[in-house]
Amino acid sequence: MDKLIIEGGSPLFGEALVSGAKNAALPLMAASILSDEPLKLDNIPKLGDLITMGRLLDYMGGKVTLYPQIDGQLHEQAHLDMSSLKLPEAPHELVKTMRASALVLGPLLARHGRARVSLPGGCAIGVRPIDLHLKALSQMGATFDLSQGDVIARAPVGGLKGAKINFETVTVTGTENVMMAAVLAKGRTIISNAAREPEVTDTAKALISMGAKIKGLETDELIIEGTEYLSGANHTVMPDRVEAATLIIACALAGGRCSIVGAPVGALAAVIDKLIDSGVNISILGQTITIESSQEPLKAVNVTTSPYPGFPTDAQAQFMALMTVARGASIITETIFENRFMHVSELRRLGADIALEGRSAVVNGVLKLSAAPLTASDLRASASLILAALVARGQSVVHRVYHLDRGYDRLDEKLRRLGAKIERVKDR
Ligand code: EPZ
């Protein structure tokens, strides 16, 4: 296990390049199951969850090449050939480390008519069931049994049938799972209250390039006409809006002058609006977002997370780190997950003044944070602690950064290149 040693107080200068989106690359890798022809993905980020998804597809019998070395250069590509898939199963030892493994359920049912997928357990941020995925797929004719903690799924003889699906709660991977099941189902599927996250749209675009017929992209109603066969495709993964938000907030906290290059600006509107409201000096040119220190201290602003295009829950912890040193009181309300305040107790160790009231955190800005040993608990909480440590007086240590490495592409290296005093060492 590694830990990060962070000396607070260095302003950041220079450029950071945004990597491909983890939460687009995961469904896209699962989509390779839908065709006998290879799916080639470009601009995939180098991080743990994709290595796990690659391992899972390989376990099923696919031919998976991740991050090929071409003339000594690592290429951020995935070549996925699932024509030799033998075992439509996602075992517990893989699913327990990555809930997004559930994304193979829809494609396996659609392409192979059966699947055995370990039910994802809860995680640090909440119970996170997949009941809505299963309910929607059963409307398409799938049947499910539970055995030893695994969901054993079967499509009806003749294959899945199109259906009218209405999600009572917006679910990102639920929308993606059903969309990937519907592209090979018989007839039309309409998904109402569909997730509109840009990563869902990116997955839909790749499916269309494979021959799928999907309408309503970027809306909350997707209309899918099932087809007999999907071909292979080449697809470039969209940039990661959560990584971009994390880097922007790091620069706003630390001060200096940074440019975040290759950011999905349109997909960041809710975050950029809140940062501007709090007084962060942001300028945008094309896909480059530049943040410059302003003389004025930042103002506290309120944030409530909600499904896209609202403020993303995945940027809530990072934004809270910024609010710990803003002027005034900020009320941050988390509406998506029931336990996504694991970073609060650790931020308090740095001297942050935060009170929890149900699903809200009231953050009273303080003048300065001071360093402390910290323990990461989940992916975005890890990022929040690192950001806060960048401005805490003294030397902080963040333990259990494996949480960070699951979902960020070498974030500490990117921050170091911007001038942050951040060092990765082996934890004993
Ligand atoms: C996706 O998770 C993302 N992961 C999460 O990012 C993100 O936080 C989340 O969407 C919300 O935007 C990937 O895309 C791989 P949901 P997902 O289904 O699909 C409840 C990160 O940090 N729900 O949209 O699992 C659920 O408990 C990760 O990169 C059900 O009750 O989230 C939650 O309260 C963390 N039953 C709410 O809906 C279901 O069947 C939204 O969850 C499905 C979901």
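Note: the structure precedes this text.
Residues numbered from 1 in each chain as written. Predicted model: local features only at pLDDT ≥ 70, side-chain atom pairs only at ≥ 80, totals over all residues. Heavy atoms only, no water.

Asker: Any chance you could explain the site of the ligand here in plain terms?
Answerer: Taken together, 22 residues lie near the ligand, and D131, T171, T173, D314 and I336 sit nearest. Here a nitrogen atom of the ligand sits 2.7 Å away from a polar atom, N or O, in the side chain of D131. Protein contacts shield 88% of the accessible area of the ligand, which totals 830 Å² for the unbound molecule. Sorting the residues of the shell around the ligand by element identifies α1 (22–31), α5 (131–139), α6 (172–182) and α12 (379–391) as the ones contributing at least two each. Classifying every residue of the shell around the ligand gives 10 nonpolar, six polar and six charged. (Near = heavy atom within 4 Å. Polar contact = N/O pair within 3.5 Å; in protein donor to acceptor, adjacent residues only side chain to side chain. Areas by Shrake-Rupley, 256 points an atom, 1.4 Å probe, with all protein chains shown as cover. Helix = DSSP H or I, 4+ residues; strand = E, 2+ residues; numbered from the N terminus. Nonpolar A, V, L, I, M, F, W, Y, C, P; charged D, E, K, R; others polar.)

Asker: How do you make sense of the sheet that holds strand β13 (residues 188–192) when you look at a structure like this?
Answerer: Within the open sheet, the four strands sit side by side as β12-β13-β15-β14. Their pairing is mixed. One side of each edge strand has no neighbouring strand; the edge strands of this open sheet are β12 (164–166) and β14 (213–215). On average, each strand axis in the sheet is tilted by 15° relative to the strand beside it, whichever way the strands run. (Pairing = 2+ DSSP bridges. Axes fitted to C-alpha atoms, helices over the stretch in contact; angles between N-to-C directions.)

Asker: Got a minute to help me understand helix α2 (residues 48–59) in this structure?
Answerer: Because each turn of an α-helix spans 3.6 residues, side chains separated by three or four positions end up pointing in the same direction. Spanning 12 residues, α2 covers 16 Å between terminal C-alpha atoms, matching the ideal 16 Å at 1.5 Å per step. Looking only at α2, the buried set comprises D49, L50, T52, M53, G54, L56 and L57. Once α2 ends, the next one or two residues include G61, with phi positive near 110°. (Expected span 1.5 Å × (residues − 1). Buried < 20%, exposed > 50% of the residue type's maximum accessible area, 1.4 Å probe, protein only.)

Asker: I'm lost on the packing of aromatic side chains in this one. Help?
Answerer: To describe a pair of aromatic rings, one takes the distance between the centres and the angle between the planes. Scanning the model with the defined rule gives one aromatic pair in all. The ring of Y67 carries K46 above its face, with NZ or CZ at 4.6 Å from the centroid. (Phe/Tyr/Trp six-rings, centres within 6.5 Å; stacked < 30°, edge-to-face > 60°. Lys NZ or Arg CZ within 6 Å of the ring centre and 35° of its normal.)

Asker: Is there a simple way to think about unusual backbone geometry in this case?
Answerer: Negative phi values dominate among residues other than glycine, just as trans dominates among peptide bonds. That bond from Y308 to P309 is cis: its omega, 10°, falls within 30 degrees of zero. Take P309: it is sitting in the loop between β20 (303–304) and α10 (316–323). Of note, N193 is a non-glycine position whose phi angle comes to about 55°, a positive value. Note that N193 resides in the loop between β13 and α7 (198–209).

Asker: Quick question: what am I supposed to make of the environment of S209 here?
Answerer: You can see S209 is positioned in helix α7. Owing to a relative accessible area of 39%, S209 belongs among the partly exposed residues under this scheme. Apart from the residues within four sequence positions on either side, S209 is in contact with S231, G232 and A233. Within the structure, S209 has its side chain in polar contact with the backbone oxygen of A206 (distance 2.5 Å). (Contact = heavy atoms within 4.5 Å.)

Asker: Sorry, what's going on with the sheet that holds strand β16 (residues 233–236) here?
Answerer: Hydrogen bonds along the backbone pair up the strands of a sheet, which may run parallel or antiparallel. Read from one edge of the open sheet, four strands run β4-β7-β3-β16, paired in mixed fashion. The open sheet has two edge strands with one neighbour each: β4 (63–66) and β16. Here the strands of the sheet are splayed against their neighbours by 10° on average, with no regard to which way each runs. Here strand β3 (residues 39–42) pairs with β16 via four bridges, running parallel. Bridge pairing in β16 links L41 to H235. Strands in contact with α1 are β3, β4, β7 (77–81) and β16; relative to β3, the strand with the most contacts, it is inclined by about 165°. Contacting β4 and β7, α2 crosses the sheet at an angle of about 160° to β4.

Asker: Please explain helix α11 (residues 342–349) as it appears in this structure.
Answerer: Along α11, the residues classified as buried are H343, V344, E346 and L347. Lining the buried residues of α11 we find α10, β22 (353–357), β25 (373–375) and α12. At the exit of α11 stands G351, carrying a positive phi of roughly 105°.

Asker: Which parts of the structure should I look at to understand the pattern of salt bridges?
Answerer: Opposite charge on two side chains permits them to pair, given that their charged atoms come into close proximity. Tallying each qualifying case throughout the model produces 18 salt bridges. Across the pair R406 and D49 runs a salt bridge, and its minimum N-O distance is 2.8 Å. Residue R406 is located in helix α13 (residues 402–407), and its partner D49 is located in helix α2; the two are separated by 357 residues in the primary sequence. Residue classification places D49 among the buried positions, given a relative accessible area of 2%. Residues participating in the shared-partner salt-bridge network are D2, D405, D412, R424 and K426. (Salt bridge = Lys/Arg side-chain N within 4 Å of Asp/Glu carboxyl O.)

Asker: Explain the environment of L146 here, please?
Answerer: As for its position among the elements, L146 is in strand β10 (residues 143–147). Linking L146 and S118, residues 28 residues apart in sequence, is a C-alpha distance of 9.3 Å.

Asker: Sorry if this is basic, but what is going on with the side chain of S396 here?
Answerer: Assignment of secondary structure puts S396 in strand β27 (residues 395–399). Owing to a relative accessible area of 0%, S396 belongs among the buried residues under this scheme. Engagement of the side chain of S396 in a polar contact is seen with the backbone nitrogen of A372, the distance being 3.3 Å. With sequence-adjacent residues up to four places away left out, S396 is seen in contact with L4, I5, I6, L350, A371, A372, L374 and A389.

Asker: So what exactly am I meant to see when it comes to the layout of surface pockets here?
Answerer: Gaps left between atoms are located by rolling a probe of water-molecule size over the structure's atoms. Quantified by volume, the second largest pocket comes out at close to 480 Å³. Lining the second largest pocket are 27 residues; nearest its centre among them are A252, L253, G255, P297 and L298. Of all the secondary structure elements, the ones that give two or more residues to the lining of the second largest pocket are α8 (241–254), β19 (288–292) and α12. Per element, the largest residue contribution to the lining of the second largest pocket is four residues, and it comes from α8. (1 Å grid on protein atoms, 1.4 Å probe; cavity = no way out; pocket = protein on both sides within 12 Å on 5 of 7 lines; lining within 4 Å. Points joined across faces, edges and corners; volume = space filled by probe spheres on them.)

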